[in-house]
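Okay, here's what each chain looks like letter by letter:
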Amino acid sequence: QKEVEQNSGPLSVPEGAIASLNCTYSDRGSQSFFWYRQYSGKSPELIMFIYSNGDKEDGRFTAQLNKASQYVSLLIRDSQPSDSATYLCAVNRMMDSSYKLIFGSGTRLLVRP
Amino acid sequence: GAVVSQHPSWVICKSGTSVKIECRSLDFQATTMFWYRQFPKQSLMLMATSNEGSKATYEQGVEKDKFLINHASLTLSTLTVTSAHPEDSSFYICSARIGHFGPGTRLTVL
């Protein structure tokens, strides 16, 4: 079992729709959770992070965390073609006396005009 | 937000040569930096944690003698790929704070 799992996609949604991206993790010791967007050939860009159960909203993005189910999701409202990218979920946990980010393999999102 | 730079942004080298990649934190001091590698259509894999003034910590399966890391100051960490081979061709990305990445260095070994 991978430590951080994501559906590779592609997830295809029409412009203006809500895109829902999901991520599960295996280590209950994980402290905080990050969502990144990565365009082809570019470095990941931080969208948002969450560390408490519940929802966290930032503009068109909402992160949802359920530690009991070991599940974190990202909702993108009013999806735009420019949101088409790979979305990486990462969990931050203590390993070898330091915090490290462990990444999922990413979900490719395609927003159709 | 934290600003991290990398140099060079891309490099092409011959097999057997060594390549040095620099990672700088521009607006803060970083006692710890992280080096990642990303192969095409794959996710980021942590290679090593660079610690200012001490030895780097390498992840399992990463050869410390091949990927030399030096973190000589609070704003600079370097990764040297020694005796590079085509299979080392990848996108190398550093992070100088949890959550913030440099722009990456694309290495192509001929």
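Within each chain, residues carry numbers counting from 1 in the order of the written sequence. Each chain is given a letter, starting from A, and each ligand a number, starting from 1, according to the order in which they appear as written. Residues qualify for local features only when their pLDDT is at least 70, as the model is predicted, and side-chain atom pairs are given and counted only at 80 or more; totals for whole chains, interfaces and linings, by contrast, use all residues. No hydrogens and no water enter the side-chain calculation; it runs on all heavy atoms of the structure.

Novice: Please clarify how the sheet that holds strand β1 (residues 4–5) of chain A should be interpreted in this entry.
Specialist: Hydrogen bonds between backbone atoms are what pair the strands of a sheet, whose relative direction is either parallel or antiparallel. Residues and elements named next belong to chain A. Strands qualify as paired when DSSP identifies two bridges or more between them. In this text, helices come from DSSP runs of H or I with a minimum length of four residues, and strands from runs of E with a minimum of two, each type numbered from the N-terminal end. Read across the open sheet, the 5 strands follow the order β1-β3-β8-β7-β6; overall the sheet is antiparallel. The strands lining the two open edges of the sheet, one partner per strand, are β1 and β6 (54–58). Pairing between β1 and strand β3 (residues 19–25): 2 bridges, direction antiparallel. Its bridge partner lying in β3, Glu5 is registered against Thr24.

Novice: What is the right way to look at the interface of chain A and chain B in this model?
Specialist: A common way to report how large an interface is uses the accessible area buried once the components associate. Whether two residues touch is decided by their heavy atoms; if any such pair falls within 4.5 Å, the residues are in contact. Contacts between the two partners involve 17 residues from chain A, matched on the other side by 19 residues from chain B. Across the chain A/chain B interface, buried area totals approximately 1,300 Å², and carbon plus sulfur atoms make up 60% of it. A simple way to read buried area is as the amount of 1.4 Å-probe accessible surface that goes missing from two parts once joined, with both sides added. Taken as a group, Ser43, Lys100 and Phe103 of chain A account for 34% of the area that chain A buries against chain B, more than any other trio of residues on that side. Glu59 of chain B is the partner of Lys100 of chain A in a salt bridge, and the nearest nitrogen-oxygen pair spans 2.6 Å. The rule for a salt bridge is simple: a side-chain nitrogen of Lys or Arg has to be within 4 Å of a carboxyl oxygen of Asp or Glu.

Novice: Before we go on, may I ask you to explain the environment of Lys67 of chain A in this structure?
Specialist: All names here are of chain A. Of note, Lys67 is situated in the loop between β7 (61–66) and β8 (71–76). When the C-alpha positions of Lys67 and Gly9 are compared, they lie 24 Å apart, and in sequence the two are 58 residues distant. In contact with Lys67, not counting residues within four places along its chain, are Tyr25, Arg28, Gln31, Phe33, Tyr51 and Asn53. Polar contacts involving the side chain of Lys67 include one to the main-chain carbonyl oxygen of Tyr51, which spans 3.1 Å. A 3.5 Å cut-off defines polar contacts: any pair of N or O atoms within that distance qualifies, except that in protein one atom must be a possible hydrogen donor and the other a possible acceptor, and neighbouring residues in sequence count only when both atoms are side-chain atoms.

Novice: Help me understand the side chain of Asp88 of chain B, please; the structure alone is not making it clear to me.
Specialist: Along the chain, the position of Asp88 of chain B falls in the loop between β8 (76–81) and β9 (90–97). Non-local contacts of Asp88 of chain B, meaning those with residues more than four positions away in its chain, are made with Lys66, Phe67, Val81, Ser83, Leu107 and Val109 of chain B.

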